[in-house]
Amino acid sequence: MKTYSDDIKNIFHDSLPWEKLSDTNILITGATGLIGSTLIEVLMSNPHQDYCVYASGRNVERARKRFEKYLSMDSFHFFEYDVMFPLQIGIHFDYIIHAASNASPNAFSNSPVEIVKANIYGVSNLIEYGLTHGMKRFLYVSSGEVYGEGDGRIITEDYSGYVNSMNPRSCYPSSKRAAETLCASYASQYGVDVVIARPCHIFGPNFTESDNRVYAQFIRNILKGENIIMKSTGEQFRSWCYAVDCVSAILYILLKGVSGEAYNIADPHSVFTIRQLAEMVAKIGNRKVVMEEASEKEKRGYNPVSKSVFSVDKLETLGWKVSGTMNEKMRKTVEHLKNC
């Protein structure tokens, strides 16, 4: 079986117009997050790299550990930056990939105001900077949560379901929706070239120590030799996607996506309930799944959507394809973490 590292390198076998990145500066916000760090790992693994990668984030210590092998390279730069504030660095960025967003259920419970502000201010601050610093394209990493509670259909990019705006948990989907509209507004009013990625539930080895999404909790359990603890019945039905496949999709959207369009990112072969996910991870770790009552605080952070299954027909028109099973990719994730 190929490893996670093999998968990273294999992305460059895809027939993408890589020449568009030649002699460019690429900014990636949220660099130490799951998607951002995997994206940087991919871009820095290009055997024919002829561009510079600029990574930004709030946690300098985490960034130094995560990107230690790149810090001495002339083509990689990290700088501390909080997207809540205007960017003041004086560097021309050809491409800005905005992946900074707190997706932790704990944060939805504890800091909903900050979630809303960061999602909206972040887009505004970065596009405003790009307008005066030669930006060619802005890619916003949004979320499948913008669809809200659906009616059971397979979700396409033109769908919009119910979100209760008076529930503080809606800080995340509502502000992601508003941020997307802000992107579209900049495109309409100022002619900004914007594309939007809407990832489903992503898994991979680069989650942070504070990430308390279910898959991260489950993996931590088995790595510690513990049983997997579930705090709900786990009946929610979800589309899932391996982080490497998600990053591949983001690069397709960046290099081939139609300006002004949004694209779902999901693996059509990876549609499972949270309970099924728990059982899959438990089997990989030779452990059991046990039930435990969630606290009221934990319940407030739960995603209320019962079914979230995405169509990727639109993404596939760009030439993106995915292969392999979720079980194989989850095993790669666990093995990589064991060897880190």
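Just so it is clear, the model here is predicted, and its values are computed rather than measured. (Residues numbered from 1 in each chain as written. Predicted model: local features only at pLDDT ≥ 70, side-chain atom pairs only at ≥ 80, totals over all residues. Heavy atoms only, no water.)

### Some points on the overall build of the protein
Then comes step 1: Counting its secondary structure elements, the protein contains 12 helices and 13 strands.
Then comes step 2: Within the protein, buried positions represent 53% of all 340 residues.
Then comes step 3: Once local pairs closer than 6 in sequence are excluded, the contacts in the protein between residues at least 24 apart make up 81%.
Then comes step 4: As displayed, the protein has an accessible area near 15,100 Å², and 49% of this comes from carbon and sulfur atoms.
Then comes step 5: Taken together, the 37 basic and 38 acidic charged side chains of the protein have centroids lying 4 Å from each other. (Helix = DSSP H or I, 4+ residues; strand = E, 2+ residues; numbered from the N terminus. Buried < 20%, exposed > 50% of the residue type's maximum accessible area, 1.4 Å probe, protein only. Contact = heavy atoms within 4.5 Å. Areas by Shrake-Rupley, 256 points an atom, 1.4 Å probe, with all protein chains shown as cover. Lys, Arg positive; Asp, Glu negative; His and termini not counted. Charge placed at Lys NZ, Arg CZ, Asp CG, Glu CD.)

### A few points about the sheet that holds strand E3 (residues 76-80)
Then comes step 1: Taken in spatial order, the 7 strands of this open sheet run E3-E2-E1-E4-E5-E6-E10, and their pairing is parallel. Taken across any chain shown, the strands that pair with only one partner, and hence form the sheet edges, are E3 and strand E10 (262-265). Sheet twist, expressed as the mean angle between neighbouring strand axes with direction ignored, is 20 degrees.
Then comes step 2: Of the strand pairs in this sheet, strand E5 (residues 137-141) and strand E6 (residues 194-199) are connected by 4 bridges, and their pairing is parallel. Bridged to Leu 139 within E6 is Val 195.
Then comes step 3: Helix H2 (residues 34-44) contacts strand E1 (25-29), strand E2 (52-57), E3, strand E4 (95-98), E5 and E6 of the sheet and is inclined by roughly 155 degrees relative to E1.
Then comes step 4: Packed onto the sheet, helix H8 (residues 243-256) meets E4, E5, E6 and E10 and runs at close to 150 degrees relative to E5. (Pairing = 2+ DSSP bridges. Axes fitted to C-alpha atoms, helices over the stretch in contact; angles between N-to-C directions.)

### Topic: the packing of aromatic side chains
Then comes step 1: A complete count under the given rule lists 13 aromatic pairs for this structure.
Then comes step 2: Relative to Tyr 242, the ring of Tyr 4 lies with its centre 6.4 Å away and its plane at 75 degrees, an arrangement referred to as edge-to-face. Of this pair, Tyr 4 sits in helix H1 (residues 4-10) while Tyr 242 sits in strand E9 (residues 237-242), placing them 238 residues apart in sequence. Take Tyr 4 and Tyr 242: they sit in the same class, and that class is buried.
Then comes step 3: Arranged with centres 5.6 Å apart and planes meeting at 50 degrees, the rings of Tyr 70 and Phe 76 form a pair that is tilted.
Then comes step 4: The exposure class of Phe 76 is buried, given its relative accessible area of 3%. (Phe/Tyr/Trp six-rings, centres within 6.5 Å; stacked < 30°, edge-to-face > 60°.)

### Focus: the pattern of salt bridges
Then comes step 1: Per the stated rule, a full pass over the model turns up 16 salt bridges.
Then comes step 2: The closest approach of N and O atoms between Asp 193 and Arg 137, which form a salt bridge, is 2.8 Å. With Asp 193 in the loop between helix H6 (171-190) and E6 and Arg 137 in strand E5, the pair connects residues that are 56 residues apart, well separated along the chain.
Then comes step 3: Taking the relative accessible area as the measure of exposure, Asp 193 reaches 24% and is therefore partly exposed.
Then comes step 4: On the basis of relative accessibility, which here comes to 9%, the residue Arg 137 falls in the buried class.
Then comes step 5: Salt bridges sharing partners connect three or more residues here, namely Asp 245, Asp 267 and Lys 329. (Salt bridge = Lys/Arg side-chain N within 4 Å of Asp/Glu carboxyl O.)

### Some details on the nonpolar core
Then comes step 1: Of all hydrophobic cores here, the largest spans 81 residues; its most connected members are Ile 40 and Leu 251.
Then comes step 2: Element by element, the count of residues in this core is highest for H8, at 11 residues.
Then comes step 3: Setting aside anything within four residues of it in sequence, one finds Leu 251 in contact with Ile 11, Leu 16, Trp 18, Leu 39, Val 42 and Leu 43.
Then comes step 4: Within the second largest apolar cluster, 23 residues are counted, among which are Leu 27, Tyr 54, Phe 79 and Ala 262. (Core = buried A, V, L, I, M, F, W, Y, C linked by side-chain atoms within 4.5 Å.)

### Section: the pairing of E9
Then comes step 1: Summarising burial for E9: 5 of the 6 residues are buried, a large majority.
Then comes step 2: Pairing of strand E7 (residues 201-203) with E9 involves 3 bridges; the strand directions are parallel. Its bridge partner being in E9, Ile 202 is matched across the sheet by Cys 241.
Then comes step 3: In the sheet, E9 pairs with strand E11 (residues 271-273) via 3 bridges, with the strands oriented antiparallel. Pairing of Arg 238 across the sheet is with Phe 272, part of E11.
Then comes step 4: Where E9 and strand E13 (residues 307-308) come together, 2 bridges link them in parallel fashion. For Arg 238, the partnering residue across the bridge sits in E13 and is Ser 308.

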